[in-house]
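Fold and contact review
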Amino acid sequence: MPYYRTVGEVPPKRHTQFRQPDGSLYAEELMGEEGFSFDSALLYHAHSPTALRSIEAVEAEVQDTSPNHPLRPRHFKTHQLKAGGDVVTARAVLLANEDCTVSYFVGSDSSGLYKNATGDEMVFIEQGTGTLETVFGAIRFEAGDYLIIPASVIHRYEVDPSAEPVRALILETRGHIGPPRRYLSRNGQLLEHAPFCERDFHGPETPLIRDGTNVEVLVKHRGGMTQFVYGNHPFDVIGWDGCLYPHKFSIHDFEPITGRVHQPPPVHQTFEAPGVVVCSFVPRLFDYHPDAIPAPYNHANVDSDEVLFYVEGNFMSRKGAGIEQGSVSLHPAGHTHGPQPGSVEASIGKKGTEELAVMIDTFRPLDMGPGAKDSEDDGYAWTWLEGR
Ligand SMILES: [Fe+2]
C-alpha cells in the first residue's frame, strides 16, 4: 500500500529514544517487505514483540486438492457449504495453485489471534459486519469490503453478535497484494485514470492497546501451522507510521470505466499479486455505440484460469446457467467461454447492469479443494449447448 500514514504517537526521528511515561523505552519494530527493499512500517510497542513463552506445532486439517482433470468449466454453489467456525480456521478451500488459495467461509464466530506468514490475504466480505482487530489498530467491515491484510500482521476477527453470519471469499497469496503498477505514478501515487484513489482506502485510525500476558497466536507458515504464546499481548502499539498496514477498500467505491464498445476485463482490475489479478465488476452503464453488443464476446483466455464470484444483481450474460448469488465459476485455460445462448441478442439495447462480482484470474492452473467438491453443480459444463 504505497500511501504513507501515521497513527498514534511516534517519535520525531526514527531509531531514536522514545520513552514511556515510566521512563523505559518503547520497543521499536520495523515490519518490512522484500528484505528492507519494499514497503515498511515502524511500530512502537510497550513490550518486546519478540518475547515468546512457548511454541507448539498445530495439527491442522490438510485440505487436499486435485487437478481439474478432465478439464472442464466448473460451477460451485458456495451457499450450499456448511456454516460454522471462524474466518481463520473454518475456510473451505475451493481452488488453489502454487501462487494462491481461494477459499470460502460462512460462520458467526469471532476468531483468535492469527498471522499468515506465507503471504498477503484478501478477504472479500459478501455478508455480515464486524471488526478486524490488528496490531496496527481496528478496521470495521461490512458487505462489499475488501480487507487487505499484509503477510505476518497479527490480527483477529470480531464478528458483530447480532448481525447475519459472515460470508467471505478469501484469497491467500504467496506474495504481496497491491494496486496494478499501471495505476501508479513513478512515486507510487494513484494516477487519474485509476478507478479509485487514496481516499477510497481506509486503514486503522487509532492504536488498539490491549494488555495481557501469555497470549496465543496461530501462525500459518510454509511448513504448516504453529502456535506461539507471546509473553505480552501483541496489541500494545502506542503508534506507528509507514506505507505497510492492513486496510480496506469497498467494492462500492470502485468507479467503473465504460466505453462505446465492450471494455475488456483489465478496466475492472483492482489488485494484483504474483501470478494473480483481482477485478471488480460493479453496477455500470452499458456500451453506448448505437450498434453495441453489451454482452461479452466469447473468449479464450489462453494464459489464465478465470474465477468469478457472483455477489449480487442479475448476471445477464449467464442467465439460465444456474448462476445465483454466491456462485463461483471456474473457466480454465484451454476452455473458450462466453455468454449464455440467446443472451447476446437479448443484451442489445440494454442500458446498464446492476451486477456485482469479483473476478480472480490466475496464471497457473487451479486445482480443486474440498469446498469445490462439496458445492459443485455437475451440469454446468453443458449450459452453453443450445436447445439442450
Ligand atoms: Fe470470462
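Residues numbered from 1 in each chain as written. Predicted model: local features only at pLDDT ≥ 70, side-chain atom pairs only at ≥ 80, totals over all residues.

1. Examining the sheet that holds strand β9 (residues 121–127)
Rules: Here, strands pair whenever DSSP counts at least two bridges between them. Working definition: helices are DSSP H or I runs of at least four residues, strands are E runs of at least two. Numbering for both runs from the N terminus.
On the basis of which strands lie adjacent, the open sheet formed by eight strands has the order β15-β19-β12-β9-β14-β7-β6-β27 and antiparallel pairing. Two strands in the sheet have a free side with no partner beyond their single neighbour: β15 (201–202) and β27 (367–368). With eight bridges connecting them, strand β7 (residues 100–107) and strand β14 (residues 166–173) associate as antiparallel partners. Note that in β14 the partner of F105 across the bridge is A168.

2. Some words on unusual backbone geometry
Defined as follows: Every C-beta atom is placed from the backbone, and the number of other C-beta atoms within 10 Å of a residue's own sets its class: buried at 20 or more, exposed at 12 or fewer, partly exposed in between.
Residue P70 is bonded to the preceding H69 through a cis peptide linkage, with omega at 0°. By the secondary structure assignment, P70 is in the loop between β4 (52–58) and β5 (74–77). Even without being a glycine, F36 presents a positive backbone phi close to 70°. Considering the arrangement of structural elements, one finds F36 in the loop between β2 (27–32) and β3 (40–45). C-beta crowding within 10 Å serves as the criterion here: with 8 such atoms nearby, F36 is assigned to the exposed category. Its identity as a non-glycine residue notwithstanding, N214 has a phi of 55°, on the positive side. Summarising the element assignment, N214 is placed in strand β16 (residues 213–221). Note on N214: 11 C-beta atoms within 10 Å, which makes it exposed.

3. Overview of the domain arrangement of the chain
Note the following rule: Domain start and end points were adopted from an automatic or database domain assignment. Here, residues touch in the contact sense if the C-beta positions derived from the backbone fall within 7 Å of one another. In this count, Pro and Cys sit with the nonpolar residues alongside Ala, Val, Leu, Ile, Met, Phe, Trp and Tyr, while Asp, Glu, Lys and Arg are called charged and the others, Gly among them, polar.
Structurally, the chain comprises domain 1 (55–65 + 81–204 + 245–251) and domain 2 (254–377). Using only C-alpha atoms to locate each centre, domain 1 and domain 2 end up separated by 22 Å. In this assembly, 32 residues from domain 1 lie in contact with 35 residues from domain 2. Among the elements of the structure, β6 (92–96), β7, β9 and β14 are those that each provide at least two residues to the side of domain 1 that touches domain 2. The element that contributes the greatest number of residues to the side of domain 1 that touches domain 2 is β6, accounting for five residues. Of the residues belonging to the side of domain 1 that touches domain 2, the class tally is 19 nonpolar, eight polar and five charged.

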